[in-house]
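# Chains, contacts and geometry: an overview
As a plain string of letters, each chain reads:
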Amino acid sequence: MKFFGISFVNGLGLTKGCEKTPKTIKKLIKINLKKIKTDRFNIKKSLESIYKEAKKILEKDEDILFLGGDHSISFPLVAAFLEKFPDGVLIVFDAHMDCMSPMKEPTNEEWLRALIEKEKINKEKIFLFGVRKIYREEKIFLKKNKLNFFNSFSEIKNKIRGPVYLSVDIDVFDAPLVPGTFYREKGGPSLGKVLNLIKKIKQLDLKAADLVEINPEKDLNFETLRLAVKIIETLK
Ligand SMILES: [Mn+2]
């Protein structure tokens, strides 16, 4: 597996600090982490650059992990993935739906809705795990846009056809497990449950994954970063 760090955030200030993950994680795990260049003063240019670089990287047909950054990076990453694999499937681990009203350049709160509304992805190919906080405008969106939610691998294993992209928001975990992220929600899965699910997803045609929303500035005892390391070790 190849690793790429993307030190980029577009979260209206709330995810500031997440850009430090690629640099900080190297203290805990030895991986060859290449860098995708972004410009924090130019959101549009950064998202375009992530998209272009991801397209090049995905051409090489290797397994890839993109390490954020916040969840806004998944918009260009998944768009690039679907260019390469038009029948691709998106699995998302997240406490949230990330389907708020789209802004001009998708933020971490609505990258998934932007993908759907810009018709870059077929809704039937999206599978969400761990969602437990749905905002009112997302409920309205859900009435018109049926998405697949699941709790265990057995619910999805017969529905998944084609190459898979897995997006992991670290806030999918139960709130006490992840002090180092902004949008924490109670009632989430344990480490064991998430790692087991990743092991099963790995047996599918997993092509690429991202891991986002880890904020080293909030993660004073490296608890959240250690969970991230376990995820990386399970994926690789
Ligand atoms: Mn989230």
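This text goes with the structure placed above it.
So, how was this worked out
Residues numbered from 1 in each chain as written. Predicted model: local features only at pLDDT ≥ 70, side-chain atom pairs only at ≥ 80, totals over all residues. Heavy atoms only, no water. Donors = N, O, S within 2.8 Å, 3.2 Å for Na, K, Ca; no water. Helix = DSSP H or I, 4+ residues; strand = E, 2+ residues; numbered from the N terminus. Buried < 20%, exposed > 50% of the residue type's maximum accessible area, 1.4 Å probe, protein only. Axes fitted to C-alpha atoms, helices over the stretch in contact; angles between N-to-C directions. Left-handed = near helix turned anticlockwise from the far one by under 90°. Contact = heavy atoms within 4.5 Å. Nonpolar A, V, L, I, M, F, W, Y, C, P; charged D, E, K, R; others polar. Patch = residues over 30% accessible without salt bridge, like charges linked within 9 Å, V, L, I, M, F, W, Y side chains within 5 Å. Areas by Shrake-Rupley, 256 points an atom, 1.4 Å probe, with all protein chains shown as cover. Salt bridge = Lys/Arg side-chain N within 4 Å of Asp/Glu carboxyl O. Lys, Arg positive; Asp, Glu negative; His and termini not counted. Charge placed at Lys NZ, Arg CZ, Asp CG, Glu CD. Pairing = 2+ DSSP bridges. Right-handed = clockwise from strand over helix to strand, strands pointing away.

### Some thoughts on the coordination of the manganese ion
Under ideal tetrahedral coordination, the four donors around a metal are separated by 109.5 degrees; under ideal octahedral coordination, the six donors are separated by 90 or 180 degrees. Protein-derived ligands of the manganese ion are Asp94 (OD), His96 (ND1), Asp169 (OD), Asp171 (OD) and Asp171 (OD), with the metal-ligand distances lying across 2.2 to 2.8 Å. Read N to C, the donor residues that coordinate the manganese ion are spaced as D-x1-H-x72-D-x1-D. Pair noted here: Asp94 is in the loop between strand E4 (89-93) and helix H4 (111-117) and Asp169 is in strand E7 (residues 164-169), with a separation of 75 residues, a long-range link. The class of Asp94 is buried, set by a relative accessible area of 1%. Judged by its relative accessible area of 2%, Asp169 falls in the buried class.

### Some thoughts on the packing of helix H2 (residues 43-59) against helix H3 (residues 74-84)
Packing of H2 against H3 brings their axes to within 8 Å, and their N-to-C directions diverge by 35°. Pair H2 / H3 crosses with right-handed handedness. Packed against H2, whose contacting residues are Leu47, Ile50, Tyr51, Ala54, Lys55, Leu58 and Glu59, the element H3 presents Pro76, Leu77, Ala79, Ala80, Phe81, Glu83 and Lys84 at the interface. Of the residues that constitute the contact of H2 with H3, the class distribution is 10 nonpolar, no polar and 4 charged.

### Considering a positive patch on the surface
A contiguous patch of positive charge, built from Lys23, Lys26, Lys27, Lys35 and Lys37, is present on the exposed surface. With respect to the helices, strands and loops of the structure, Lys26 is situated in the loop between helix H1 (21-25) and strand E2 (33-35).

### Let's talk about the pairing of E4
Burial analysis of E4 places 5 of its 5 residues in the buried class, which makes it a mostly covered element. Covered by surrounding structure in E4 are Val89, Ile91 and Phe93 together with Leu90 and Val92, the residues of both alternating faces. In this sheet, E7 lies alongside E4 in parallel orientation, the contact comprising 5 bridges. Across the sheet, Ile91 pairs through a bridge with Leu166, a residue of E7. One ladder, built from 4 bridges, connects E4 with strand E5 (residues 126-129); its direction is parallel. Across the sheet, the residue bridging to Phe93 is Phe129, located in E5. With H4 bridging E4 and the parallel E5, this β-α-β connection has right-handed handedness.

### Looking at unusual backbone geometry
At the junction of Gly68 and Gly69, the peptide bond is cis and its omega measures out at 15° in the coordinates. Here Gly69 lies in the loop between strand E3 (64-67) and H3. In this structure, Asp98 is a non-glycine residue whose phi angle is positive, near 55°. Locating Asp98 in the fold gives a position in the loop between E4 and H4. Exposure remark for Asp98: the relative accessible area of 7% places this residue in the buried category. Of note in this structure, Glu213 is not a glycine but carries a positive phi near 75°.

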